[in-house]
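So you can see what is in the structure, the chains are spelled out below.
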Amino acid sequence: MTTSPLALLGGPPVIDDPGPHFSWPPIEDRDVEAVTGQLMSAVSIPDRSGVVAELEDSLASFLGVRHVITTCTGTAALHSMYAAADIGPGDEVIVPALTFHATATPLFHLGARPVLADVDTRGQLDLDEASRRITPRTKAIVAVHLWGLPESMDALTDFAARHDLMLLEDGSHAHGATWRGQQVGSFGRAAAFSMNGPKPLSAGEGGFVATDDTELYYRVLLHGQYNKRCRREIPADHALAPYAVTGMGLKLRIHPLAAALANAQLPRLKGYLAGREAVAARMRRALRGVPGIDVPHPPAHTGPAWYALPLRYRPEQLAGLPVERFLEAVHAEGASEVDLPGSTRALGDHQLFRTPGALLPGYADYRGPAADSFTTARRVHGSTVKLPVWHRDQDLHLADAYTAAIIKVAGHHKELVK
Ligand SMILES: *Cc1c(COP(=O)(O)O)cnc(C)c1O
């Protein structure tokens, strides 16, 4: 017999509607028209024309950068960015130990070494850790704006300048996020973004590189956009023009239907983010002071993209209730889209970062980080509980119900540990 109101123990759940409660991107008639219109006009675009040119121009002006090159995925964008930044065999690139693996994995395909640096308790790059990992081979450092919360760009740009490192960005969680009013993705020498399904700006599948540097732009084209596009854009008298037909040999172009979707979404991005900011503020307010839950406090001069609302779970405030059991109880309340980060984790835990040699022959002698390194990255990952952030007023009841489910479970945690 139980008298607990917790749904996991037989009580009534907070949410009856089985969901899904959150889907992305929001598809409207104009998206359908844009994609079907593209279907009828061109399904292959070998140069910088049509919807590809339109999207790249719009992204460049949105971000305030000179060049944008679209790609088939964010992983491809990162690969092209590193290749174009002239990162090659033996070069070391400092990457936060807590991110999605594709921030770093393309480096393995250039013969380079991802050098992981631990994060701080907010999940942001720890610059003391980063400075300890600098060697004469260190060429670049990567800022990742995790969950859409901008990295501390004053400190990072200063750090990169002080150590003479190239600053690069992975903005895949953070389209439209700002630091002191400046768009993330416009701070470094170049930035790569994903436009995969759930990302703030979605093409379904897609990505892009942004840069002010015209030489780097040409190299991005040569990496993954060979033939027509390179022939038309790289000046005939440029030293690399003779490579235009083959480029570096990879073909990583975006699909025009994906470009059409992203192009239709982009004019609405600022509205999405304004809506998310209001909903995130409301959820943070509701959860402030709830035992066991720390809410993020991005500095007032930042404009996060709120790819998710990352909460820090504090079991020591809830009689040691394991996060898995907490989550089980939250799910039983019907808040089914609260989750623990799956693929965004401590990179040192992936087999590829430990012993890449079994898959990548060039890395036979490579030994990755020890099993007990990156304690903060692992701790932050293991205590992150993330919630979707809605953007429309008609979804406020969901945002309220999700925070109510968390408050309810935290309030009754004793019934789950006894
Ligand atoms: C999604 C993502 C990528 C990879 O992008 P794809 O489009 O899935 O290839 C890289 N880095 C981060 C931080 C991401 O979230």
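Anything mentioned here points back to the structure above.
What you see as residue numbers is a count from 1 along each chain, following the sequence as written. Reporting of local features is limited, given that this is a predicted model, to residues whose pLDDT is at least 70; pairs of side-chain atoms are given and counted only at 80 or more, and all residues count toward the totals for whole chains, interfaces and linings. To obtain the side-chain values, all non-hydrogen atoms of the structure were included, while hydrogens and water were left out.

Chemist: Outline the overall build of the protein, listing residues and values.
Modeler: Where helices and strands are cited, they refer to DSSP runs of H or I of at least four residues and of E of at least two residues respectively, numbered from the N terminus. Summing up its helical and strand segments, the protein has 14 helices and 15 strands in all. Dimensions of the protein, computed from C-alpha atoms along their principal axes, come out at roughly 80 × 50 × 40 Å. Each residue is placed in one exposure class: buried if its accessible area under a 1.4 Å probe, protein chains only, is under 20% of its type's maximum, exposed if it is over 50%, and partly exposed if it falls in between. In the protein, buried positions account for 56% of the 418 residues. Any pair of residues with heavy atoms lying within 4.5 Å of one another is described as a contacting pair. In the protein, the share of contacts with a sequence separation of at least 24, taken over all contacts with a separation of at least 6, comes to 70%. When the accessible area of the protein is evaluated, it comes to approximately 17200 Å², of which 53% is carbon and sulfur surface. Separation of charge centres in the protein, based on 40 positive and 45 negative side chains, amounts to 2 Å. The accessible surface values rely on the Shrake-Rupley method and a 1.4 Å probe; as for residues, cover is taken only from the protein chains in view. Charged residues are defined narrowly, with Lys and Arg counted positive, Asp and Glu counted negative, and His plus the chain ends left uncounted. Here the site of a charge means NZ on Lys, CZ on Arg, CG on Asp, or CD on Glu.

Chemist: Please set out the site of the ligand residue by residue, giving values where relevant.
Modeler: Lining the immediate environment of the ligand, one finds 14 residues, of which G74, T75, D170, S194 and K199 sit closest. Whenever two N or O atoms come within 3.5 Å, that pair is a polar contact, provided that in protein one can donate a hydrogen and the other can accept it, and provided that, for residues adjacent in sequence, both atoms are side-chain atoms. Here an oxygen atom of the ligand and a backbone polar atom of G74 are 2.8 Å apart. Between the ligand and H173 there is a distance of 2.9 Å, counted from an oxygen atom to a side-chain nitrogen or oxygen. Burial of the ligand by the protein amounts to 92% of the accessible area it has alone, namely 380 Å². Each residue gets one label: Ala, Val, Leu, Ile, Met, Phe, Trp, Tyr, Cys and Pro are nonpolar, Asp, Glu, Lys and Arg are charged, and the others, such as Gly, are polar. Partitioning the shell around the ligand into residue classes produces three nonpolar, nine polar and two charged. Put simply, a residue is near a molecule or strand once any heavy atom of it comes within 4 Å of that molecule or strand.

Chemist: I'd like a rundown of the packing of aromatic side chains, residues and numbers included.
Modeler: Stacked, edge-to-face and tilted are the three classes for Phe, Tyr and Trp ring pairs, Trp counted by its six-membered ring, which pair at centre distances within 6.5 Å; planes under 30 degrees apart are stacked, over 60 edge-to-face, the rest tilted. Across all of its chains, the model carries twelve aromatic pairs by this definition. When the centroid spacing of 4.9 Å and the interplanar angle of 70 degrees are considered together, the rings of W24 and Y272 count as edge-to-face. A residue pair is termed long-range when its members are at least 10 positions apart, and W24 in the segment before helix 1 (29-41) and Y272 in helix 9 (residues 269-287) qualify at 248 residues. We note that W24, like Y272, is buried. For the pair F108 and Y363, a centre-to-centre distance of 5.1 Å together with 85 degrees between the ring planes defines the contact as edge-to-face. Residue F108 is located in the loop between strand 3 (98-100) and strand 4 (113-117), and its partner Y363 is located in the loop between helix 11 (351-354) and helix 12 (375-382); the two are separated by 255 residues in the primary sequence. Its relative accessible area of 8% is what places Y363 among the buried residues. A cation over a ring is seen here: K199 above F100, with NZ or CZ 5.9 Å from the ring centre. Counting as a charge over the ring demands two things of the Lys NZ or Arg CZ atom: a distance within 6 Å of the ring centre and an angle within 35 degrees of the ring normal. R276 extends its terminal NZ or CZ atom over the ring of W24, reaching a point 4.3 Å from the ring centre.

Chemist: Which residues make up the environment of C72, and what are the values?
Modeler: Along the polypeptide, C72 turns up in the loop between strand 1 (67-71) and helix 3 (74-84). As for C72 and R253, which are separated by 181 residues in sequence, their C-alpha atoms are 5.1 Å apart. What C72 contacts, discounting residues up to four positions off in sequence, is E205, G206, G207, L252, R253 and I254.

Keep in mind these numbers describe shape, not what the thing actually does.
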